[in-house]
Amino acid sequence: MDAISVEGVAKRFGDVRAVEHVSLRVPAGQVVAVLGPNGAGKSTMIGMMLGLVTPDAGRVELLGKAPAEAAAHGLVGAMIQQGELVPNLTVREVVGFVGGLYPDPMPLDDVLELAGLTDLARRRTGRLSGGQVQRVRFAMAVAGAPKVLVLDEPTAALDVETRRAFWTAIRRYAAGGRTILFATHHLEEADENADRVVVLSRGRIVADGTPAEIKRRAGGRTVRFRLGAQPAAGLERLPEVTAVEVSGGFATLHTADPDIVVASLYSTGLTIRDLEITTPALEDAFLSLTVTER
């Protein structure tokens, strides 16, 4: 059984087509990042997964149940961008209250430790910074030990150090076989933390694969080495080389298959030093996929 099953969902808001017949299956235990420019449909998709938005067509199931039923059984937790915390309660009281709504919650002290809130447990929520509020929202999302965790821009307002701590906590939580789906604008977070990346543009899925597979969609890779005073003639004729650049004593060969290029280089008789093979960044792939669709 898939942890998340989305079949042909569509949603319009007036004349705006937010999501157009999207299908997506997420196996249990997978960490999935959803990327897309503003207005791509990420938040609408998450809203439909959580039962907060009713699709015009299609269906959504979490662990074989409708979103509302999955939530009632304590199977799903969510961290969304909207919503204020009750200002007159302490962090411990708020998180403890949420955990008490679930049938089999995580021990409260474990939740606070996981979210980095142990030292803030007695502080009232009205006195928290934006980043601390985000950590409380995360604690509330995992308090019931849900099997499916859905996060919408979870690291908004977090500084670099806190973001690193957050993703360490996510990896710990996912290690128990739980399923994580998160939407983010931080492409490096998707690259470093997701098993799978789904790219949305104009309400449709335009790419779906591992971070490495998505990056390959951006185009070729490069093989770079120190050429020095050696001649560059003939490099453009090597198998699988699509372009050659020579600058500052280095040669850069563009290719879709660096293994073949490297093997060919060593048969040329050139002295190969400081060899580097580079792949496109996830940002390059993201831009090429989404700009094409606009």
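Some remarks on the overall build of the protein
Line of reasoning, step 1. Broken down by element type, the protein carries 10 helices and 13 strands.
Line of reasoning, step 2. If you line up the protein on its principal axes, its C-alpha atoms span 75 × 45 × 35 Å.
Line of reasoning, step 3. Within the protein, buried positions represent 47% of all 294 residues.
Line of reasoning, step 4. Considering only contacts in the protein between residues 6 or more positions apart, those separated by 24 or more positions represent 68%.
Line of reasoning, step 5. In the structure as shown, the protein presents an accessible area of about 14,400 Å², 49% of it carried by carbon and sulfur atoms.

Overview of the sheet that holds strand β1 (residues 4-13)
Line of reasoning, step 1. Taken together, three strands build an open sheet; the order of strands is β2-β1-β4 and the sheet is antiparallel. Every interior strand has two partners, whereas the edge strands, β2 (16-26) and β4 (57-62), have only one. Going across the sheet, the axis of each strand differs from the next one's by a mean of 20 degrees, ignoring polarity.
Line of reasoning, step 2. Pairing geometry for β1 and β2, over seven bridges, is antiparallel. The partner of Arg-12 across the bridge, within β2, is Arg-17.

Considerations on the packing of helix α3 (residues 91-99) against helix α5 (residues 130-142)
Line of reasoning, step 1. It is the contact of α3 with α5, at a shortest axis distance of 8 Å, that shows an interaxial angle of 25 degrees. By the angle class used here, α3 and α5 are roughly parallel. Note on packing geometry: the crossing formed by α3 with α5 is right-handed. Between α3, through Val-91, Val-94, Val-95 and Val-98, and α5, the contact on the second element is made entirely by Val-136, Ala-139 and Met-140.
Line of reasoning, step 2. The residue inventory of the contact of α3 with α5, partitioned by class, reads seven nonpolar, no polar and no charged.

Considering the sheet that holds strand β12 (residues 250-255)
Line of reasoning, step 1. One open sheet holds the four strands; their spatial order is β11-β12-β10-β13, and the pairing between them is antiparallel. Two strands bound the open sheet, and with one partner strand each, they are β11 (241-247) and β13 (273-278). Across the sheet, the axes of successive neighbouring strands diverge by a mean angle of 15 degrees, strand direction being ignored.
Line of reasoning, step 2. Summarising the sheet, β11 and β12 pair through six bridges and their orientation is antiparallel. Within the sheet, the bridge partner assigned to Val-244 lies in β12 and is Leu-253.
Line of reasoning, step 3. Seen against the sheet, helix α9 (residues 258-265) touches β10 (221-226), β11, β12 and β13 and runs at an angle of roughly 25 degrees to β10.

Rules used throughout
Residues numbered from 1 in each chain as written. Predicted model: local features only at pLDDT ≥ 70, side-chain atom pairs only at ≥ 80, totals over all residues. Heavy atoms only, no water. Helix = DSSP H or I, 4+ residues; strand = E, 2+ residues; numbered from the N terminus. Buried < 20%, exposed > 50% of the residue type's maximum accessible area, 1.4 Å probe, protein only. Contact = heavy atoms within 4.5 Å. Areas by Shrake-Rupley, 256 points an atom, 1.4 Å probe, with all protein chains shown as cover. Pairing = 2+ DSSP bridges. Axes fitted to C-alpha atoms, helices over the stretch in contact; angles between N-to-C directions. Parallel < 35°, antiparallel > 145°, perpendicular 65-115°, else oblique. Left-handed = near helix turned anticlockwise from the far one by under 90°. Nonpolar A, V, L, I, M, F, W, Y, C, P; charged D, E, K, R; others polar.

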